[in-house]
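This is what each chain is made of:
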Amino acid sequence: MQAIFVPNESVSKLKSRCVVGLLLCLAGTAMVHAEKADRQQPLNFAADAAKVDEARKLNILTGNVEISKGTMVVQADRVEVRQNADGTQTATAFAGPKGRAYFRQKREGLDEFIEGEADTVVYDGREDTVQFQGRAVMRRLKGQSPSDEVAGQLITYDNKTNVFQVAGKAPGATTSGRVRGVIAPRAAETKADSKPEPKAEPKAEVRP
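Residues numbered from 1 in each chain as written. Predicted model: local features only at pLDDT ≥ 70, side-chain atom pairs only at ≥ 80, totals over all residues. Heavy atoms only, no water.

Quick notes on the overall build of the chain
This is how it is decided: Secondary structure elements are taken from DSSP: a helix is a run of H or I of four residues or more, a strand is a run of E of two residues or more, and numbering for both begins at the N terminus. Accessibility here uses a 1.4 Å probe with only protein chains present; expressed as a share of the type maximum, an area under 20% marks a residue as buried, one over 50% as exposed, and anything in between as partly exposed. We call two residues in contact whenever any of their non-hydrogen atoms come within 4.5 Å of each other.
Counting its regular elements, the chain contains 2 helices and 13 strands. Within the chain, buried positions represent 38% of all 208 residues. Long-range pairs, those at least 24 residues apart, make up 45% of the contacts in the chain between residues at least 6 apart in sequence.

Side note on the nonpolar core
For soluble globular proteins, the rule of thumb is that nonpolar side chains tend to be buried together. Defined as follows: Nonpolar cores are built from buried Ala, Val, Leu, Ile, Met, Phe, Trp, Tyr and Cys residues. Side-chain atoms within 4.5 Å join them into one set.
Counting 25 residues, the largest nonpolar core has Ile67, Val79, Ala93, Phe103, Val121, Phe132 and Met138 as the members making the most contacts within it. Breaking this core down by element, the ones donating at least two residues are strand S2 (43-46), strand S4 (58-69), strand S5 (72-83), strand S7 (101-106), strand S8 (112-118), strand S9 (120-124), strand S10 (129-142) and strand S11 (145-158). If sequence neighbours within four positions are ignored, Val79 has contacts with Asn59, Ile60, Leu61, Val65, Ile67, Val74, Ala91, Thr92 and Ala93.

Some words on unusual backbone geometry
Note: most peptide bonds trans; most residues except glycine with negative phi. Despite not being glycine, Asn64 has its phi angle at roughly 50°, a positive value. Along the chain, Asn64 turns up in strand S4. Residue Asp128 is not a glycine yet carries a positive backbone phi of 60°. Relative to the assigned elements, Asp128 resides in the loop between S9 and S10. The class of Asp128 is buried, set by a relative accessible area of 3%.

Examining empty space enclosed by the protein
Put simply, the rule reads: In this analysis a 1.4 Å probe is tested at points of a 1 Å grid over the protein atoms alone, and where it fits but cannot get out there is a cavity; an open set with protein on both sides within 12 Å along at least five of seven lines is a pocket; lining residues have an atom within 4 Å of a point. Grid points are joined across faces, edges and corners, and a volume is the space filled by probe spheres set on the points. Charged means Asp, Glu, Lys or Arg here, nonpolar means Ala, Val, Leu, Ile, Met, Phe, Trp, Tyr, Cys or Pro, and polar covers whatever is left, Gly included.
Within the structure shown, the criterion is met by 2 cavities of 30 Å³ or more. Taken as a whole, the largest cavity holds about 120 Å³ of empty space. In terms of lining, the largest cavity is formed by 12 residues, of which the most central are Leu43, Lys69, Met72, Ala91 and Tyr123. Those elements that provide at least two residues to the lining of the largest cavity are S4, S5 and strand S6 (89-94). A per-element tally of the lining of the largest cavity places S5 first, with 4 residues. Classifying every residue of the lining of the largest cavity by side-chain character gives 8 nonpolar, 3 polar and 1 charged.

Topic: the side chain of Arg139
Rules: Pairs of N or O atoms are called polar contacts if they sit within 3.5 Å, as long as, within protein, a hydrogen donor faces a hydrogen acceptor (for residues adjacent in sequence, only side-chain-to-side-chain pairs).
By the element assignment, Arg139 lies in strand S10. Side chain to side chain, Arg139 and Glu117 meet in a polar contact 2.5 Å long. Each residue touching Arg139, except ones within four places of it in the same chain, is listed here: Phe113, Ile114, Glu115, Glu117, Asp148 and Glu149.

Some points on the pattern of salt bridges
We apply this condition: Basic side-chain nitrogens of Lys or Arg form a salt bridge, by our definition, when they fall within 4 Å of a carboxyl oxygen of Asp or Glu.
Per the stated rule, a full pass over the model turns up 11 salt bridges. The partner of Arg56 in a salt bridge is Asp53, and the shortest N-O contact between them spans 3.7 Å. Here Asp158 and Lys160 are joined by a salt bridge, their closest N and O atoms 3.4 Å apart. The partly exposed category is assigned to Lys160, whose relative accessible area is 38%. One salt-bridge network, held together by shared partners, links Arg104, Glu115, Glu117 and Arg139.

Some details on the layout of surface pockets
The probe, sized like a water molecule, is rolled over the atoms to show the empty space still left. Looking at the second largest pocket, its volume works out to about 160 Å³. Asn64, Val65, Glu66, Gln75, Ala76, Asp77, Gly96, Pro97, Lys98, Gly99, Arg100 and Tyr102 together form the lining of the second largest pocket. Among the secondary structure elements, those contributing two or more residues to the lining of the second largest pocket are S4 and S5. Residue classes in the lining of the second largest pocket are distributed as 4 nonpolar, 4 polar and 4 charged.

A look at the packing of aromatic side chains
Selection rule: Here a pair means two rings of Phe, Tyr or Trp (six-membered ring of Trp) with centres within 6.5 Å. Their orientation is stacked below 30 degrees between planes, edge-to-face above 60, and tilted elsewhere. Cation placement over rings: the criterion is NZ of Lys or CZ of Arg within 6 Å of the ring centroid and within 35° of the ring normal.
The final tally for this structure, using the stated rule, is 2 aromatic pairs. Centre to centre, the rings of Phe103 and Tyr123 are 6.4 Å apart; their planes meet at 20°, and the pair counts as stacked. Of this pair, Phe103 sits in strand S7 while Tyr123 is found in strand S9, placing the two residues 20 residues apart along the sequence. The pair Phe103 / Tyr123 is uniform in exposure class, with both members buried. Note on Phe103 and Phe132: the rings are 6.3 Å apart at their centroids and 75° apart in plane angle, and the pair reads as edge-to-face. A residue pair is termed long-range when its members are at least 10 positions apart, and Phe103 in strand S7 and Phe132 in strand S10 qualify at 29 residues. Here Phe103 and Phe132 have matching classes, each one buried. Through a chain of ring-to-ring contacts, three or more aromatic side chains come together here, namely Phe103, Tyr123 and Phe132. Seen from the ring of Phe113, Arg104 lies directly overhead, with NZ or CZ sitting 4.0 Å from the centre.

Right, dumping it as structure tokens:
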């Protein structure tokens, strides 16, 4: 099964053309450090089955679920997409018994991506955050090469501030473990980068 989530204003036009498929009204979500163009893109999905609960504003996708919205990619065994009152969406991705849910998104203005896996991945459009819960791993990729990597039971990434937090305790757990990670060194600032601004030349005074 394949379908496209489209903005609210496009639904009536598509219905009038009798387009066959599952159409759900999902508005774009603004992002700061994540790719801004993603908010203008439709949310596409493919799954073995889909259930639409209009009363609860809930869409349930099951079986080899693949979601894309611009540069954002989600892969999981089950994904629940909920429409919030402010027009944003919250997507909760659950892994099957054989693996973990996967999330990936490009950073704004850079050839870098944030990606990660966990038992559960929660994308909150209202808060503009991604949370990886249970056996969580998150990486920063420069191009296709891994750079920073962190692992723990709970990782929260804030798209607005570009800050992530890692905890060794899973939600609801009574014991906590260690968090681990690798932070790559940043490139040193070059002389060109640190060159001071040129001073303005003094202007000659002209007397009458």
